[in-house]
Amino acid sequence: MAPNPKVGEALARVQSVAGEKGPAYEAVLADIKNLSSPPTAIDDLNAIADAFFAQSLGVVSTRSVLNAFISTLRELKNEDMWIEVGNRTAALLSSQPASFLDAAATLHELVATAHENNEDFLDAAKSLAEISLDSSQRKVSDADKAQIWIRIVRNYLEVGDSTAAEMYINKLKNIMHTVSDPDLNLHFKLSQARIQDAQRDFLSAAQRYHEISFSHSIAEEERLHTLSMAIKCAILAPAGPNRSRSLGRLYKDERAPQLDEFSMLEKMFLDRLLSPEEVKAFAEGLQPHQLATTADGSTVLARAVVEHNLLGASRLYSNIRFEALGSLLGLDADKAEETTAKMIEQGRLVGRMDQLDGIVWFERQEASGEKGSSRAEAMVGKEMRKWDANVESLAEDVETTTNALQKEFPEFVAANLA
């Protein structure tokens, strides 16, 4: 579409101006609402940009006109216009001297804002990534770099690209110690937690979410939401001593009982077995990546529940056959054996397995969490010594009771126990 004739006439008049033309272009921009119309607004602004870039106005004058142009574009408050005109003008600037890097950065930010408003988060991230932050021609403070990179991270996370987001988080790690802005630091920590959550590093994510839940920079509702996320991540983490410590910290948080996840948290912390109904209700509050299928075909939640119930079973039984254990966990015997062996090997469960008889023997000691540390060695006469200890304890209890009776009721003892 051709520009509005009024705009064409105004630009022709500018061409005829003798001497400095910069103020004349700024006057056209100031009157753009009268000269232009909505159907031709994009073409009108593009025509103005082409016109003043075609002139040799000089760096100072061009910068002044360019700033007026960007201000006019922003004031029109039209996302499609911001994108169309902003991208085209930024492309024109790419062939101009480095003196206009600030203007190019402002245009890319404006385009990114338009994409964010339209929920086109990937395009927003790509637009922000075009901003030059390391040029020797343009000094950018660490706080300004952090602001741009955090926006990029958050946009990538909105489309589930945690790998691209992590690349910018790694850049942020090098500068955040110099940034004092509390909001930027908060968003940095929250982005780290979201990346760890997306990459299924649930224990680390739970810790970060829990730390953020104490921040007074966010509203009480948001603090409870991050606490809820911390509980969900802790529950989804691999069962073992590290997760038990994380569950313990969250269980002792006085705010936890008011959350819907508290019932699940309490049962897991106290090593109680979970029912399918409780698991189904908990799953309804999870995000899609938290319900993703793992390499073995099960979901993250299903794996976490199986491992938790296995730990719970180790508290209830001294030994159990794999068929019975599988029935308890909702697995077949082979899968129950495989899961048990894996947890023992990884130091998350203490016990030993008799594969010939199909039995697992659980130990009462706490797992260390170190790989290879939880295989209990079979000891000659171990079970017999345990039996002897139990008999000895019972005999001592009988003796203690008899002595007490003799002291209180000597006649009864003489008549009945002599």
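Described in the following lines is the structure provided in the data block. On a predicted model such as this, the values are computed, not experimentally measured, just so you know.

1. Some thoughts on the nonpolar core
No. 1: If you look at the biggest cluster of nonpolar residues, it comprises 36 residues, and the most contacted ones within it are Ile48 and Phe52.
No. 2: Where this core is concerned, the elements lending two or more residues are α1 (5-15), α2 (22-30), α3 (32-35), α4 (41-54), α5 (59-75), α6 (79-93) and α7 (101-117).
No. 3: With eight residues, the single largest contributor to this core is α4.
No. 4: Excluding anything up to four places from it in sequence, phenylalanine 52 contacts Tyr25, Leu57, Val65, Leu66 and Phe69.
No. 5: With 30 residues, the next largest nonpolar core counts Ile231, Leu265, Phe282 and Val305 among its residues.

2. Notes on the pairing of strand β2 (residues 351-354)
No. 1: Bridging between β2 and strand β3 (residues 359-362) involves four bridges; their strand directions are antiparallel. Looking across to β3, one finds that aspartate 354 is bridged to isoleucine 359.

3. Overview of α7
No. 1: In this model, α7 (17 residues) spans 24 Å end to end at C-alpha, consistent with the 24 Å of a helix rising 1.5 Å per residue.
No. 2: Taken as a whole, α7 has its buried residues at Ala103, Ala104, Ala105, Leu107, His108, Leu110, Val111, Ala112, Ala114 and His115.
No. 3: Where α7 is buried, its residues contact α5, α6, α8 (121-129) and α9 (142-158).

4. Considering a negative patch on the surface
No. 1: Residues Asp388, Glu392, Glu396, Asp397 and Glu399 make up a contiguous surface patch of negative charge.
No. 2: The class of aspartate 388 is partly exposed, set by a relative accessible area of 43%.

5. Observations regarding helix α14 (residues 241-251)
No. 1: If you check which residues of α14 are buried, you get Pro241, Arg243, Ser246, Leu247, Gly248 and Leu250.
No. 2: Close packing links the buried residues of α14 with α12 (202-212), α13 (220-236), α15 (262-269) and α17 (300-316).

6. Topic: the pattern of salt bridges
No. 1: Scanning the model with the defined rule gives 12 salt bridges in all.
No. 2: When the shortest N-O distance is used, the salt bridge between arginine 315 and aspartate 271 registers 3.2 Å. A residue pair is termed long-range when its members are at least 10 positions apart, and arginine 315 in helix α17 and aspartate 271 in the loop between α15 and α16 (276-283) qualify at 44 residues.
No. 3: By relative accessible area, which is 36% here, arginine 315 ends up partly exposed.
No. 4: The network of salt bridges with common partners includes Glu109, Glu116 and Arg151.

7. A word on the sheet that holds β3
No. 1: Pairing is antiparallel across the open sheet formed by three strands, whose spatial order is β1-β3-β2. Among the strands making up the open sheet, the edge pair consists of β1 (319-321) and β2. Taking the axes of each pair of neighbouring strands and ignoring which way they run, one obtains an average angle of 20° across the sheet.
No. 2: Relative to β3, β1 is paired through three bridges, and the arrangement is antiparallel. Residue pairing in the sheet places isoleucine 320 in a bridge with valine 360 of β3.
No. 3: Together, β1, β2 and β3 form the strand contacts of helix α18 (residues 322-329), whose direction differs from that of β1 by roughly 90°.

What counts as what
Think of each chain on its own: its residues are numbered from 1, step by step along the sequence as written. Under the rules for a predicted model, residues below a pLDDT of 70 receive no local features and side-chain atom pairs below 80 are neither given nor counted, while totals for whole chains, interfaces and linings still include all residues. The side-chain values count all of the structure's non-hydrogen atoms but skip hydrogen atoms and water molecules. For our purposes a nonpolar core is just a set of buried Ala, Val, Leu, Ile, Met, Phe, Trp, Tyr and Cys residues, chained together by side-chain atoms within 4.5 Å. The cut-offs for exposure are 20% and 50% of the maximum accessible area for each residue type, with area from a 1.4 Å probe on protein chains only; residues under the lower value are buried, those over the upper are exposed, and the others partly exposed. Put simply, DSSP marks the helices as runs of H or I at least four residues long and the strands as runs of E at least two long, and each gets a number from the N terminus on. In what follows, a contact means two residues having at least one pair of non-hydrogen atoms within 4.5 Å. Being paired, for any two strands, means DSSP has found at least two bridges between them. Multiply 1.5 Å by the residue count of a helix minus one, and that product is the helix's expected span. Residues form patches when they are more than 30% accessible in relative terms and have no salt bridge. Like charges link within 9 Å. Nonpolar side chains (Val, Leu, Ile, Met, Phe, Trp, Tyr) link within 5 Å. What sets the accessible areas is the Shrake-Rupley method with a 1.4 Å probe; for residues, cover comes only from the shown protein chains. Each salt bridge in this description consists of a side-chain nitrogen of Lys or Arg and a carboxyl oxygen of Asp or Glu lying within 4 Å of one another. Positive: Lys, Arg. Negative: Asp, Glu. His and the chain ends are not part of the count. Note that the charge is assigned to NZ on lysines, CZ on arginines, CG on aspartates and CD on glutamates. Whenever a helix is involved, its axis is fitted only over the stretch in contact; in every case the axis is a line through C-alpha atoms, and angles between N-to-C directions fall within 0 to 180 degrees.

No statement about biological role is implied by the geometric values presented.
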